[in-house]
Structures are given as structure tokens and as C-alpha cells.
Amino acid sequence: MRIAPATWQDEAAFYDAARPFWYPVARSVDVSTGSTKATTLLGEDLVIWRTADGQAAVADNLCAHRGTMLSGGTVTASGNLQCPYHGWEYDTAGICRRIPQRPEGTPIPTKARVASYPVKEQAGLIWTCLAGEDGAVRDVPECPYFEDEDWYFHVGTPSEWECQASRMVENFLDVSHFGIVHPDTFGNPEVEIVEPYDVSTAADMLSIDAKVPYLAQDPWGEPEPGHTMATVQVDYQYKCELPFTAWIQGLTAGEGYMLYISASPVTANRTTVFWAFGTPSSLAVSDDEIERREQAVFEPDRVIVEGQRPEWLPLDLTAELQMRFDALGVAFRKALEHHGFPRIAFLRKPTN
Ligand code: FES
Ligand SMILES: [Fe+2]
């Protein structure tokens, strides 16, 4: 079987559709006061820095003078980002405020500036929108309970996936692989049938809800007498916030938990997965334990998703098989297409 690659036109269409949304570009803790960080979002190289008064800023990682990467520079006491080559200084709006080679008082050319982008900090993450605040289709998706004093959240180590963000998020919304892909964690190999579940998509197609009951394996619990594994009945409350943020609240008879993810498209085929895991504070699960458990859940998903072809999630619903239990993924594909994400043509030969 041969799969036609996505073309540069497809890539441009993907970037155009993805641009008017907010994406996380770093964890807040990873950009400390006075530090800089290089990142890439939708194929654009960016620099993030934090001023002495705690404000985070995001701009193009490209000095207007000689194309030097500003992320190699330093943050001045006044909060400017100083280029590592000739020391030009840019403020948080991207405007050059100082050219050290020129006598004091000489006007600075208006072209001496770099594009800057709006910043919000929410759910322990630094978010930006390349289309600017006014160009954004929607606000940063909320993480329920994050500000709730009775909940504790661990903002996890971001992981790099060699896949399209759409593929990653669809996997997060896939409810029929648990027992097969996750038998070492929550997946229950004895539960194969997916009971019918309802999916509702908001009128603006910016959010999708579903509730899926599941008898999960509880690898950290004690099995009942006569059973080889501990199980727990969970209602998975799903929410997808288009395009690439989603969360699952695991509602149990006990305390429950919240897993929030946002897949940030580095390029059309590469994704950084930001995530936060919350539990009621009374459970007192350590950061290390949360990190270990969640990475053990994500890792087998990453291996599957990185191998999926075509690398681009097919939005043409006839391109793959859609089952009743794929309803959540189907709603996600429809919503992406509604918001202008491109279909790609690829060859798929049925086998005899
Ligand atoms: S290249 Fe940045 S100041 Fe010259
Ligand atoms: Fe999974």
C-alpha cells in the first residue's frame, strides 16, 4: 500500500486552520524569571521569556538585525530581551528599545521590531495565539478544578510525539482500546464490548461531550477475594475543546480525578503534549507517582499513534471504517472539518 504524503498546500491549509486558537508553548515553571526558552508552534520559531516582574512574553525567535536566535540572549533588568549578537534590546511587545552601537538619543528605526504574540497563563501553562488576541476564535479552554483549593494538580512533564496533533487527540478520545493497549495500567482485558454512549457537540462545534461507563482495572487497588485483579467502576466524562485540548474526568464512587491534555502542534506532523493531572487534595498522591502512572498510560498510546498512517487524521469519513463505538472520534473529525482543517487525499487499496 502506498500513502500519498501531505503536500505543502495541505500543510499551509492545516496551519491556516490551526492558527486562530490558543496553544500551550511551555509549562509556567519551565520559564523562570529572567530566563528564555526556544520553542516552535505551527512551524514558527518562537522565544519565550519572563521579566523580573513575572510577566511572560512570546515573540518570533529572530532578531530583526541579522536573524540571530533571540532565545540565546539575556533578559535585562528592565524586562527587555537582549540579542546575543549585537545586544539590541526588545521589549515584551517586540519593539526594539535600544541599539547599543548608536549614540544615546538617536531615533530607533520603526522597522527594528519582531512580531510578538499575546500570552495567558492558565492551568500551569504558558499559552499563546499566533493570530493575536483579536484573531482568536475562542479563549483558552478551562481546566476544571484547577483553581479549586480542594484539588491538587500536578502539571506533567510535556512529551514529544512524532504525530499530528489531531491523531494524538483522537487517541485520547478513543474509548475502545483500553483493555488491549493498557492492560498494564487501567485497561481491563476482560471488558471487550463498548456499551452505546451518547455524544453531544455544541452548536458552534467548539466542544464535544460524552460520558462512557467503564469497569476499569485498578492496578493500585487490592483485588476482591477470589479475583485476580482489582476493578473500579468509572464514569469517564469526556470533554474535547476544539481543536486540540481535551479532558477526562474519571468519576468513581470515591474521589475521582481529572486528566487534562493539550496537544500543541509544533508542526503539522509533530506535537508536544502538555498535561495536568488533578485529584482531590485529600488523596495526597505525590508528583512522582502521578508522573510515573500517567507516563505509563501515555507511552503505549504514543507508540500506536506514531505508527498510524496516513500521518494526517483523515477527515473524509469514508476513508476509514467508522463503528458505533467510534462516535466520539467521528464527532471530533466532523468538528475539525467544520473549523476548516483540511482533508487530504490518500490512496487506500482494499485487500482481497
Ligand atoms: S543580530 Fe541581533 S543585534 Fe545584531
Ligand atoms: Fe490510550
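Thresholds applied
- Residues numbered from 1 in each chain as written.
- Chains lettered and ligands numbered in written order.
- Predicted model: local features only at pLDDT ≥ 70, side-chain atom pairs only at ≥ 80, totals over all residues.
- Heavy atoms only, no water.
- Buried < 20%, exposed > 50% of the residue type's maximum accessible area, 1.4 Å probe, protein only.
- Helix = DSSP H or I, 4+ residues; strand = E, 2+ residues; numbered from the N terminus.
- Domains from an automatic or database assignment.
- Buried area = accessible area lost by both parts, 1.4 Å probe.
- Polar contact = N/O pair within 3.5 Å; in protein donor to acceptor, adjacent residues only side chain to side chain.
- Nonpolar A, V, L, I, M, F, W, Y, C, P; charged D, E, K, R; others polar.
- Expected span 1.5 Å × (residues − 1).
- Contact = heavy atoms within 4.5 Å.
- Pairing = 2+ DSSP bridges.
- Axes fitted to C-alpha atoms, helices over the stretch in contact; angles between N-to-C directions.
- Patch = residues over 30% accessible without salt bridge, like charges linked within 9 Å, V, L, I, M, F, W, Y side chains within 5 Å.
- Areas by Shrake-Rupley, 256 points an atom, 1.4 Å probe, with all protein chains shown as cover.
- Salt bridge = Lys/Arg side-chain N within 4 Å of Asp/Glu carboxyl O.

What's the story with helix α2 (residues 165-172) in this structure? I'm lost.
Each turn of an α-helix holds 3.6 residues, which means side chains three or four residues apart point in the same direction. In terms of burial, α2 is a largely internal element, eight of the eight residues being buried. Regarding α2, the residues found buried are Ala-165, Ser-166, Arg-167, Met-168, Val-169, Glu-170, Asn-171 and Phe-172.

I keep staring at the domain arrangement of the protein chain and nothing clicks. Help me out?
The accessible area lost on association of the parts is a frequent measure of interface size. Each assigned domain of the protein chain is listed with its residue range as follows: domain 1 (35-128) and domain 2 (151-338). Using only C-alpha atoms to locate each centre, domain 1 and domain 2 end up separated by 36 Å. Both faces combined, the contact of domain 1 with domain 2 buries some 640 Å², and carbon together with sulfur accounts for 71% of it. Here domain 1 and domain 2 share three residue pairs in polar contact (both at pLDDT 80 or more) between them. Of all the elements in the fold, those that place two or more residues in the side of domain 1 that touches domain 2 are β2 (36-41) and β11 (125-128). Grouping the constituent residues of the side of domain 1 that touches domain 2 by class yields five nonpolar, three polar and no charged.

Explain helix α4 (residues 287-306) here, please?
Between its first and last C-alpha, α4 extends 27 Å over 20 residues, near the 28 Å set by a 1.5 Å rise per residue. Where α4 is concerned, the buried positions are Ile-290, Glu-291, Glu-294, Val-297, Phe-298, Asp-301 and Val-305. Residues of α4 that are buried in the fold lie against β12 (151-155), β13 (159-161), α2, α3 (178-181), β18 (257-267) and β19 (270-280).

Looking at this model, I keep getting lost on the sheet that holds strand β1 (residues 23-27). Mind explaining?
Where strands meet in a sheet, backbone hydrogen bonds hold them as pairs that are either parallel or antiparallel. Read from one edge to the other, the open sheet built from three strands follows the order β1-β11-β10, with strand pairing classed as antiparallel. Because the sheet does not close on itself, it has two edges, and the strands there are β1 and β10 (119-122). Taking the axes of each pair of neighbouring strands and ignoring which way they run, one obtains an average angle of 35 degrees across the sheet. By the bridge criterion, four bridges tie β1 to β11 in an arrangement that is antiparallel.

Where do I start with the pairing of β19 in this structure?
Each regular strand carries side chains that alternate between the two faces of the sheet. Counting buried positions along β19 yields 10 of 11 residues, so the element is predominantly enclosed. Bridging between β12 and β19 involves five bridges; their strand directions are antiparallel. Each bridged residue has a counterpart across the sheet, and for His-154 the counterpart in β19 is Phe-277. Across nine bridges, the pairing between β18 and β19 is antiparallel. Bridge pairing in β19 links Thr-267 to Arg-270. Connecting β18 to the next strand, β19, in antiparallel fashion are two residues.

Looking at this structure, how should I read a nonpolar patch on the surface?
Judged by side-chain polarity, Leu-321, Met-323 and Phe-325 come together as a nonpolar surface patch covering roughly 300 Å² of accessible area. Tracing the chain through its elements places Phe-325 in the loop between α4 and α5 (327-338).

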